[in-house]
Amino acid sequence: FNLRFSPALEFRMLPTILRQRGWRFFSDSSTSRARTTPLVLTSSEYRAEAANCSTYIPPVCILHGLLGASMNWRSFARKMMAQPVLSSGKCIPVAHVVDARNHGSSPHSGSMTYADMAHDLEHWMDRHHIPHAVWIGHSMGGKAVMELALH
């Protein structure tokens, strides 16, 4: 793939040129999510030791930012699960740290829109039998989680 730049080619034209060549970007998501085949995302699970709780919140799921991976959040998940009792007295039962598509150990795809990532997360939740979750998303992960919440 060779793209020649010239003074006449302004930087703001680059996304248009790349879209003409079949590239898709994060911002190409629409509010009506296109149903692509979801990727099978990888994740790590962290459980609390023994906690005296009678009430639990839904599982906490964490999605990293652009150029990140689930391993960036391992120490945070471990510390969170070392003290799973919240100030409300409720407990965190489990924390999942997920790798987004094209990141970490998850599969790679030519498409990486927020709609695609949200569809992957929905599929991941179904595969792990998680009907409801508390999501923590950093940067790109936060935007993908917001897209998931909209649908």
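Residues numbered from 1 in each chain as written. Predicted model: local features only at pLDDT ≥ 70, side-chain atom pairs only at ≥ 80, totals over all residues. Heavy atoms only, no water.

*Asks:* Quick question: what am I supposed to make of the sheet that holds strand β3 (residues 94-98) here?
*Replies:* Sheet strands pair by backbone hydrogen bonding; their relative direction is either parallel or antiparallel. If you trace the four strands from one edge of the open sheet to the other, you get β1-β3-β2-β4, paired in mixed fashion. A single partner strand is all that each edge strand has here, and the edge strands are β1 (43-47) and β4 (134-137). When strand polarity is set aside, the average angle formed by the axes of neighbouring strands in this sheet is 20 degrees. As defined by bridge partners, strand β2 (residues 60-63) adjoins β3 across four bridges and the pair is classed as parallel. Paired with C61 across the two strands is H96, which belongs to β3. Here helix α4 (residues 140-150) sits on the sheet in contact with β2 and β4, set at roughly 145 degrees to β4. (Pairing = 2+ DSSP bridges. Helix = DSSP H or I, 4+ residues; strand = E, 2+ residues; numbered from the N terminus. Axes fitted to C-alpha atoms, helices over the stretch in contact; angles between N-to-C directions. Contact = heavy atoms within 4.5 Å.)

*Asks:* What am I meant to see in the environment of N72 here?
*Replies:* Structurally, N72 can be placed in the loop between β2 and α2 (74-82). For N72 and G104, which are 32 residues apart along the polypeptide, the C-alpha to C-alpha distance reads 9.9 Å. A polar side-chain atom of N72 sits 2.6 Å from the main-chain amide nitrogen of A69. (Polar contact = N/O pair within 3.5 Å; in protein donor to acceptor, adjacent residues only side chain to side chain.)

*Asks:* Looking at this model, I keep getting lost on the confidence of the model for the protein. Mind explaining?
*Replies:* Parts of the model with low pLDDT should not have their predicted coordinates read in detail. Predicted confidence across the protein gives a mean pLDDT of 85, with 77% of residues reaching 70 or more. Per-element averaging of pLDDT across the protein places helix α1 (residues 14-20) at the bottom with 63 and β2 at the top with 98. (pLDDT = per-residue confidence, 0-100.)

*Asks:* Please clarify how α2 should be interpreted in this entry.
*Replies:* Count 3.6 residues to each turn of an α-helix, and residues three or four apart come out pointing the same way. All of the buried residues along α2 are A77, M80 and M81. On an axial view of α2, the arc spanned by its buried residues comes to 95 degrees, and they lie on one face. Those residues of α2 that are exposed and aimed more than 90 degrees away from the buried face are K79 and A82. (Buried < 20%, exposed > 50% of the residue type's maximum accessible area, 1.4 Å probe, protein only. Arc of directions from axis to C-beta.)

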